[in-house]
There are 2 protein chains.
Amino acid sequence: MPSSAFTFKKSIATVSLSGTLPEKLEAAASIGFDGVEIFENDLLTFDGSPADVRRIAEGLGLEITIFQPFRDFEAMPDPIRARNLDRAERKFDVMQELGTDLVLVCSNVQPAAIDDPARAAADLAEMAERARRRGLRVGYEALAWGRHVNRWRQAWDIVQRADHPALGLIVDSFHTLALDDDPSGIADLPGDRIFFVQLADAPKLSMDVLSWSRHFRNFPGQGQLPVGRFVDAVLASGYRGPLSLEIFNDEFRAAPARLTALDGLRSLIHTEAEAGFGPGLPAPPVCRGVEFLEFAVDAAARDKLSALLGSLGFRHAGRHRSKDVDLYRQGGVNLVLNSEEDSAASEHFQMHGPSVCAMAFAVDDAARTIARAEALRCVLWRERVGDGERRIPALRAPDGTLIYLVDDKEANRSIWEDDFHLFAEEPAGAAGPPPLLGIDHVAQALPFGRMDGFVLFYRTVFGFVPESLWELPDPYGLIRSRALVSPDAEPGRGVRLPLNISESRRTATGRFVSATAGAGVHHIAFAASDAAALVEDRLAAGAPFLPIPANYYDDLAVKHPLDDAALEALKQRELLYDRDGQADGGGEFLHAYTDSFDDRFFFEVVERRAGYRQFGAVNAAVRMAVQAQLREGARPELYLD
Amino acid sequence: MPSSAFTFKKSIATVSLSGTLPEKLEAAASIGFDGVEIFENDLLTFDGSPADVRRIAEGLGLEITIFQPFRDFEAMPDPIRARNLDRAERKFDVMQELGTDLVLVCSNVQPAAIDDPARAAADLAEMAERARRRGLRVGYEALAWGRHVNRWRQAWDIVQRADHPALGLIVDSFHTLALDDDPSGIADLPGDRIFFVQLADAPKLSMDVLSWSRHFRNFPGQGQLPVGRFVDAVLASGYRGPLSLEIFNDEFRAAPARLTALDGLRSLIHTEAEAGFGPGLPAPPVCRGVEFLEFAVDAAARDKLSALLGSLGFRHAGRHRSKDVDLYRQGGVNLVLNSEEDSAASEHFQMHGPSVCAMAFAVDDAARTIARAEALRCVLWRERVGDGERRIPALRAPDGTLIYLVDDKEANRSIWEDDFHLFAEEPAGAAGPPPLLGIDHVAQALPFGRMDGFVLFYRTVFGFVPESLWELPDPYGLIRSRALVSPDAEPGRGVRLPLNISESRRTATGRFVSATAGAGVHHIAFAASDAAALVEDRLAAGAPFLPIPANYYDDLAVKHPLDDAALEALKQRELLYDRDGQADGGGEFLHAYTDSFDDRFFFEVVERRAGYRQFGAVNAAVRMAVQAQLREGARPELYLD
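Remember, it's a predicted structure, so these values are computed and weren't measured experimentally.

**Side note on the interface of chain B and chain A**
Here's step 1: Residue-level contacts link 64 residues of chain B with 65 residues of chain A.
Here's step 2: Across the pair K91 of chain B and D555 of chain A runs a salt bridge whose closest N-O atoms are separated by 2.6 Å.
Here's step 3: Summed over the shared surface of chain B and chain A, the number is 34 residue pairs in polar contact (both at pLDDT 80 or more).
Here's step 4: The element contributing the most residues to the side of chain B that touches chain A is helix α21 (residues 620-632) of chain B, with seven residues.
Here's step 5: The residue inventory of the side of chain B that touches chain A, partitioned by class, reads 28 nonpolar, 14 polar and 22 charged.

Structure representation (structure tokens):
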């Protein structure tokens, strides 16, 4: 679709944000929304008049785009009908004080409601006429659980029957898509008869639509509904009013309002651009892979980590020209240990302890990616550099982790040659294992409630694709995991970022988040072309791979058609095994984990065979149980006589 | 049903408890379970052999009651059929090492499974024959989401067709009741053909049965399924094997294993007694009401709290004969302020700050209640008393709060006369409001994940009835609230205990739990016969009732048919209003809240009219928003020019 210069007003419902009403308004304004929907409950609990709300909003430069909801109005039997019109007059008073001209009437859910579109139309026409006399307008929306009206087409039929200029249709992506209703017909409506558009996404959950709607909605791009199709249809109608986010979500209710508001605006900017409107967005990058990871360490942690990396086969490959920064390298994997004082890394170390402070993605065009990130309201970062050193463009992930963008186009001289004294490589031993292909995946542990925000960030800025959700049983609680993967990922190429959250603070993920104050990267997997050879070689050199229980291999023999030799080869090398059924005959996955470094991050060696696409989630329980046993010292001998 | 002396073996599945396998076994044993189900995943991730598990269990005095699950076995097409029998042989090896003779085979969920009961029976007969040769047995259970077999009657049909002595039926309350299947026919089965019984309850949720089963099961008595009917049917069959708890629950996975195990054993003891088996339980108490609440304070908090109580109309009515303990009284409400050094209260104060350290329930028979509590594995408590003072029997709630039991039968001399110097009452003023009737309800804020444990405690020990769950929107996150109510509660009589939890640590509930380290009682409501008169009188005396926004009353006029005078009367007194539709014409509820004491607990005055049974949940959002505005200082004037 060609990009149109038209930019939509961007609005958010107060119910989508946490806090008191003034806090909500301030968050929406400071992030850059044009308007807000005033959700009635936020007004009722506010210790000031509707006129005060209007003044606060005006002071913040916010338009009040709508007042909502007005419930259970139309098609009621007669004594109630008259009362409902009185109710409407009272709410019109409030709207005039608030300074908004539009009210949202959602379809009636009362058992007493009469199943008669003509009657509904007559009632709404009467309400609209009363509104018109005051210069106000009424929008009618089909709730997905409305008693008789739950589809946009029914609501539109009633609006047409009522045939009143002050009555229009309101459409909501959740109410439409949750019922699997087809939005495409909205394109054929006259756009000026659509008075308002509400947008929400949601994960696909099989539960009753009311609970789903009240607790699990999220911003477009965070869920699994085809919101883009909905938006295309609505904008094709010619609608040019606000795009407004109305989200009921338990996590959003608890999150800081500005964080939520930023996610919301990012979602709307992306949605608008995907629909071909607004100023447009530069294309997302093509990501070749993770060029390097940077660890924030002090001298002691540096020495300890370099010893661990040595045992895993990394060599000290270079030293930064001007800073206390060392490069460790093995095949296609670059790891940077930054112990420079008074740097961004040392700040990171102060806050989070030894941890990954930066990831670098190799992209086709760093400048274009930075422009896209900026348009999506990301925080950019410029490092201080020495003479002749390269400044690598960077932005911050939602937890503050730096993401460097290493530009493939400018790779006539590598960043390593610019900034590092590189040490001569020793001649490869004849018998050594084949070198690592690269970084296969980088798993992050997120504070509870932040999954949606990270998914949106990686999806919109980088174009990564969210995979399905996994549930991993840690001995001390459940981990929920969702990976974001660059579209062209294959073994040794592309970016894969599993994101993990845990409600429990006792799990490895929960403990990591608490102990590191949310440092992010929890584990790093290296891609090997021959994991067995590599792990065998490294075990001999004393690498601390996790011991895997014999019971695991007994069960593996039952689950998969592995012959005894193959099984014994895995067992000798502490290698876990998985198989997926997607590729012909099934891809295979071999992987081994290290114990964790200071109860923080840990490493993994993985080998993907025949197009295996997953992450060995079935084996995560074994890894977590063994790590817990090592940590807790809960060894069987303690319990045996 | 007459009580039978037969006591069932009590077992729990390792998946129900958190931790490593040795931790799970130790928790189950230390709490007093007879046996455990070994859940396969716990074995696979355990760094020791099945024989090690057997030795640990034996050392702890635990029987391994079953090994489970064996999945997707029966009625598979032919190459897989042979492999499945090999799989079975491998698992029989494991069982023999473990020292258990029973394996649970759950009905096949594979799309490839053949819909043929004869074929399923033949396969299971073959498996059972192989098991018999080793002295083992096979139990077959219908999973609620089995491909072709999902009802106990289908599984029983297959077991009958197979007609093998080493093959029996396994029934599970969740799988039966989740499908709304009728368990009564189980009573007609031969009890010795039922090899094992698994019990689980669950809240009623409208979602897919697999997700419901994997995340939301809980112990019998914690949910809403008719587990008692299921147990009655099963025991009527003559089944005398173990009663075993198999619970998949996200919160249990994260909770300390001993806490969960204690809840589980309490649930089984209660379930057995309700079914008329085991040693039996003394009857639950008849609770007349809350006789008093005791606050742990230091001298400063005592003075501040006594001033607040004074403004609410309480008088200093007595002083303990031997301790730094003061009685405040108004009508039927007794509040005790305990500032005694070196006491249980001072310990409580050290840990939790100024807070309620004890509740006293007036019961028909304290000794019988204590005997019941002891049989249900509650922790009892004996206080140190002075000469001639009464020792009040007491037990501890799951969070350590003391619950005293004041015996109506021994009330020839009141506890107050025994232990206190009572001050003479001033003659009542002619114009004063009618006295308080008593304590209407005591709301507790619980740490996240502890709701089920508290529900079970109050339900089993005291016979309180759990009401339906409410969701209350705090400005900083959702509160979930469920009240336990004594069966005979009426205005001024009975015990009502709303229990509140919040996933968010930013809500009033979440902040309270963090700030007080889980002190429990968050707010205390006094029952008035004329709330308007009382609040008017007390506002004049400077009582700190929460100011209610004018917008609330504007909306109230729209929602309820209140005339202007009634509305104005509420508004003048900061009274909130609710109406329920249960009684004829609807009961009414008038209530006013105080601001919180040191951002901890707060008080409420309530008036129930015409049988109103709820707690004004619709108004909780207003209370929480106003308290947050006062706390945060988020006053509109800050945002206005």
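**Comments concerning the packing of aromatic side chains**
All names here are of chain A.
Here's step 1: Throughout the structure, instances matching the rule amount to 50 aromatic pairs over all chains.
Here's step 2: With a centroid separation of 4.9 Å and 35 degrees between ring planes, the pair formed by F219 and F252 is classed as tilted. With a gap of 33 residues between them, F219 in the loop between α8 (209-215) and α9 (227-236) and F252 in helix α10 (residues 250-254) connect regions that are remote in the sequence. There is no split in this pair, since F219 and F252 are both buried.

**Comments concerning the confidence of the model for chain A**
Here's step 1: In this model, chain A carries an average pLDDT of 93, and 96% of its residues clear a pLDDT of 70 or more.
Here's step 2: Here residues 634-641 of chain A scores under 50 on pLDDT; set against residues more than four positions off or in separate chains, the count is 18 contacts.

**Brief notes about the domain arrangement of chain A**
Interface size is often expressed as the accessible area that is lost when the parts come together.
All names here are of chain A.
Here's step 1: Here the domain parsing of chain A yields domain 1 (10-274), domain 2 (287-422) and domain 3 (442-632).
Here's step 2: The interface of domain 1 with domain 3 comprises 14 residues on the first partner and eleven residues on the second.
Here's step 3: Each partner contributes to the roughly 1,100 Å² buried at the junction of domain 1 and domain 3, and carbon and sulfur atoms together form 51% of this total.
Here's step 4: Looking at the side of domain 1 facing domain 3, the largest losses of area belong to Q222, E251 and R266, adding up to 45% of the total buried there.
Here's step 5: Across the domain 1-domain 3 interface, the total number found is one salt bridge.
Here's step 6: Notably, a salt bridge pairs R450 with D263, separated by 3.5 Å at the nearest N-O pair.
Here's step 7: Elements that contribute at least two residues to the side of domain 1 that touches domain 3 include exactly α10 and α11 (257-274).

**Details of the UniProt feature "domain: VOC" (unreviewed entry) in chain A**
Residue and element names in this part refer to chain A.
Here's step 1: Here the UniProt-annotated "domain: VOC" (unreviewed entry) positions come out as residues 289-408 and 438-572.
Here's step 2: Secondary structure over residues 289-408 splits into 27% helix and 38% strand, and the C-alpha atoms at its two ends are 11 Å apart.
Here's step 3: Each end of residues 438-572 is marked by a C-alpha atom, and these two atoms are 24 Å apart; helix forms 37% of the span and strand 28%.

**Quick word on the relation of the copies chain B and chain A**
Here's step 1: For the pair chain B and chain A, the best superposition has an RMSD of 0.0 Å and corresponds to a rotation of 180 degrees with a translation of 0.0 Å parallel to the axis. In short, the pair behaves as if placed about a two-fold rotation axis. Considering only C-alpha atoms, the part of chain B nearest the rotation axis is M207 of chain B, at 1.9 Å.
Here's step 2: Of the interface residues in chain B, 100% have counterparts in chain A that sit at the interface too, so the contact is made through matching surfaces.

**Some details on helix α19 (residues 550-559) of chain A**
Owing to its 3.6 residues per turn, the α-helix brings residues three or four apart onto one side.
Here's step 1: Within α19 of chain A, seven of the ten residues are buried, which leaves the element mostly enclosed by the surrounding structure.
Here's step 2: Of all the residues in α19 of chain A, the buried ones are N551, Y552, Y553, D555, L556, A557 and V558 of chain A.
Here's step 3: Lining the buried residues of α19 of chain A we find α20 (564-572), β24 (576-580) and α21 (617-632) of chain A together with α2 (40-44), α3 (50-60) and α4 (78-98) of chain B.

**Comments concerning the sheet that holds strand β2 (residues 35-39) of chain A**
All names here are of chain A.
Here's step 1: The strand order β1-β2-β3-β4-β5-β6-β7-β8 describes a closed barrel built from eight strands, whose pairing is parallel. The average undirected angle you get between the axes of adjacent strands in this sheet is 30 degrees.
Here's step 2: Taken strand by strand, α9 contacts β6 (167-172), β7 (194-199) and β8 (243-245), and its axis lies near 165 degrees from that of β7.

**Description of the packing of helix α5 (residues 117-133) of chain A against helix α6 (residues 152-162) of chain A**
Residues and elements named next belong to chain A.
Here's step 1: As a packed pair, α5 and α6 sit with axes 8 Å apart at the nearest point and diverge in direction by 60 degrees. As the angle between them shows, α5 and α6 are arranged oblique. Every pair of crossing elements has a handedness; the one defined by α5 and α6 is right-handed. On α6, the residues touching P117, A118, A120, A121, L124 and A125 of α5 are D157, I158, R161 and A162.
Here's step 2: Taken together, the residues that form the contact of α5 with α6 break down as eight nonpolar, no polar and two charged.

**Examining the pattern of salt bridges**
Here's step 1: For the coordinates displayed, the defined rule picks out 82 salt bridges over all chains.
Here's step 2: R134 of chain A is the partner of E89 of chain A in a salt bridge, and the nearest nitrogen-oxygen pair spans 2.7 Å. With E89 of chain A in helix α4 (residues 78-98) and R134 of chain A in the loop between α5 and β5 (137-141), this residue pair connects regions lying 45 residues apart in the sequence.
Here's step 3: On the basis of relative accessible area, R134 of chain A is assigned to the partly exposed category, the value being 25%.
Here's step 4: Measuring nitrogen to oxygen at the nearest pair gives 2.5 Å for the salt bridge that ties K91 of chain B to E40 of chain B. Here E40 of chain B lies in helix α2 and K91 of chain B lies in helix α4, a separation of 51 residues in the sequence.
Here's step 5: What makes K91 of chain B buried here is its relative accessible area of 7%.
Here's step 6: Ionic contacts of the salt-bridge type, sharing partners, join the residues E89, D93, E126, R130 and R134 of chain A into one network.

**Some remarks on the nonpolar core**
Here's step 1: Residues F295, F361, Y458 and F462 of chain A are the most contacted members of the largest nonpolar core, which totals 176 residues.
Here's step 2: Not counting residues within four places of it along the chain, the set of residues in contact with F462 of chain A comprises P284, P285, C287, F361, T369, L395, I403, L405 and F457 of chain A.
Here's step 3: If you look at the next biggest cluster of nonpolar residues, it comprises 175 residues, including A261, L497, A543 and L562 of chain B.

**Describing the pairing of strand β4 (residues 102-106) of chain A**
Residues and elements named next belong to chain A.
Here's step 1: Along β4, five of the five residues are buried, which leaves the element largely enclosed by surrounding structure.
Here's step 2: Burial along β4 is two-sided: the residues L102, L104 and C106 and V103 and V105 are all buried.
Here's step 3: Sheet topology places strand β3 (residues 63-70) next to β4; two bridges connect them, and they run parallel. The residue bridging F67 from the neighbouring strand is V103, located in β4.

Criteria and thresholds
Here the residue numbers are simple positions, counted from 1 along each chain's written sequence. Chains and ligands are labelled sequentially in the order written, the chains with letters from A and the ligands with numbers from 1. In keeping with the predicted nature of the model, local features appear solely for residues at pLDDT of at least 70, side-chain atom pairs appear and are counted solely at 80 or more, and the whole-chain, interface and lining totals rest on all residues. To get the side-chain values, all heavy atoms of the structure are used, and hydrogens and water are removed first. It only takes one pair of heavy atoms within 4.5 Å for two residues to be counted as in contact. Should a side-chain nitrogen of Lys or Arg be within 4 Å of a carboxyl oxygen of Asp or Glu, the pair is scored as a salt bridge. We call two N or O atoms a polar contact when they sit within 3.5 Å, provided that within protein one can donate a hydrogen and the other can accept it, with sequence-adjacent residues counted only if both atoms are side-chain atoms. Counting from the N terminus, the helices are DSSP H or I runs at least four residues long and the strands are E runs at least two residues long. We call Asp, Glu, Lys and Arg charged. Ala, Val, Leu, Ile, Met, Phe, Trp, Tyr, Cys and Pro are nonpolar, and the rest, Gly among them, are polar. Two aromatic rings from Phe, Tyr or Trp, using only the six-membered ring of Trp, form a pair when their centres are within 6.5 Å; if the ring planes differ by under 30 degrees the pair is stacked, by over 60 it is edge-to-face, and anything between is tilted. Relative accessibility decides the category of a residue: with a 1.4 Å probe and only protein chains considered, values under 20% of the type maximum give buried, values over 50% give exposed, and everything between is partly exposed. Every residue gets a pLDDT, meaning the predictor's confidence in that residue, from 0 to 100. Domain delimitation in this document rests on an assignment produced automatically or drawn from a domain database. Using a 1.4 Å probe, buried area is obtained as the accessible area two parts lose upon being combined, added over both of them. UniProt positions are given in the numbering used here, feature names are shortened, and annotations may be inferred rather than shown by experiment. C-alpha atoms of residues with pLDDT of at least 70 in both copies form the basis for the least-squares superposition of the copies. A pair of strands is treated as paired once DSSP finds two or more bridges between them. Each axis is a line fitted through C-alpha atoms, taken for helices only over the stretch in contact, and angles between the N-to-C directions span 0 to 180 degrees. An angle counts as roughly parallel when it lies under 35 degrees, as roughly antiparallel when it exceeds 145, as roughly perpendicular when it falls between 65 and 115, and as oblique in every other case. Each crossing is labelled by how the near helix is turned from the far one, with a counterclockwise turn of less than a right angle marking it left-handed and a clockwise turn marking it right-handed. We define a nonpolar core as any set of buried Ala, Val, Leu, Ile, Met, Phe, Trp, Tyr and Cys residues linked to one another through side-chain atoms lying within 4.5 Å.

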